[in-house]
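# Understanding the architecture of this molecule
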Amino acid sequence: QVPLGESGGGLVQAGGSLSLSCSSSTHIDSRNGVGWFRQAPGKERQFVAAISGGEAVYADSVKGRFTISRDNAKNSMYLRMSSLKPDDTAAYYCATGDFWAGANPERYGSWGRGIQVTVSS
């Protein structure tokens, strides 16, 4: 059983908005770091955003456009994406890790299967 499951992806026009959700089948709390990564075809997995050390951190490419949040009571995390660009097209993955996981994918132990986000120009 995959411990995390993403939802909310799809096709959106450039400049539009989309919200992703990630639900965990196991309990997550404030001791866990949570993060979102993405991978475009032919490219390496890229950090997007995380709540690490109790604070939200973002990749420069999405800063000011994306917002990460979490709801521990629902064992869930979210990624609100706005002002989307064609370069944001990728499969998006949620992950849980240690408190200071941040942008380091090796510090995340549980991953979702990924969900496609496509931004048309």
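A short tour of the structure in this document, coming up. Position labels on residues start from 1 in each chain and follow its written sequence. With pLDDT at 70 or above as the cut-off, local features in this predicted model cover only qualifying residues; side-chain atom pairs require 80 or more to be listed or tallied, and sums for whole chains, interfaces and linings still use all residues. Side-chain descriptors were evaluated using all non-hydrogen atoms of the structure, hydrogens and water having been removed beforehand.

What follows covers the packing of aromatic side chains. Note on ring pairs: Phe, Tyr and Trp rings are taken, using the six-membered ring of Trp, and paired if centres are within 6.5 Å. Classes follow the plane angle, with under 30 degrees stacked, over 60 edge-to-face and the rest tilted. Applying the stated rule across the entire model yields five aromatic pairs. Consider the rings of Phe-99 and Trp-100, whose centres lie 5.0 Å apart with planes at 85°: the pair is edge-to-face. Every member of this aromatic cluster is reached through a ring pair, and the members are Phe-37, Phe-47, Tyr-108 and Trp-111. Consider the ring centre and the ring normal. A charge sits over the ring if Lys NZ or Arg CZ is within 6 Å of that centre and within 35 degrees of that normal. In this structure, Arg-45 packs its charged tip against the face of Tyr-93, placed 4.0 Å from the ring centre.

Strands are treated as partners if at least two bridges between them are detected by DSSP. Secondary structure follows DSSP: runs of H or I at least 4 residues long count as helices, runs of E at least 2 residues long count as strands, and numbering of each begins at the N terminus. Across the sheet, which stays open at both edges, the four strands sit in the order 1-3-8-7 with antiparallel pairing between neighbours. Either end of the sheet is taken by a strand with one partner, and the two such strands are strand 1 (4–7) and strand 7 (66–71). Neighbour to neighbour, the strand axes of the sheet diverge by 15° on average, direction disregarded. Both strand 7 and strand 8 (residues 76–81) contribute to a ladder of six bridges, which runs antiparallel. The residue bridging Ser-69 from the neighbouring strand is Tyr-78, located in strand 8. The axes used here are C-alpha line fits, helices contributing only the stretch in contact, and every angle between their N-to-C directions lies in the interval 0 to 180 degrees.

Disulfides are defined as pairs of cysteine sulfur atoms found within 2.5 Å of each other. Evaluation of the coordinates by the stated rule reveals one disulfide. Linked covalently through their sulfurs, Cys-22 and Cys-94 form a disulfide whose S-S length is 2.0 Å. Looking down the S-S bond of the Cys-22 and Cys-94 bridge, the torsion is 60°, so its handedness is right-handed. Residue Cys-22 is located in strand 3 (residues 18–24), and its partner Cys-94 is located in strand 9 (residues 90–97); the two are separated by 72 residues in the primary sequence. Using a relative accessible area of 1% as the deciding quantity, one classes Cys-22 as buried. For each residue, the accessible area found with a 1.4 Å probe, counting protein chains only, is set against the maximum for its type, and the residue is called buried under 20%, exposed over 50%, and partly exposed in between. Accessibility expressed as a relative area gives 0% for Cys-94, which makes it buried.

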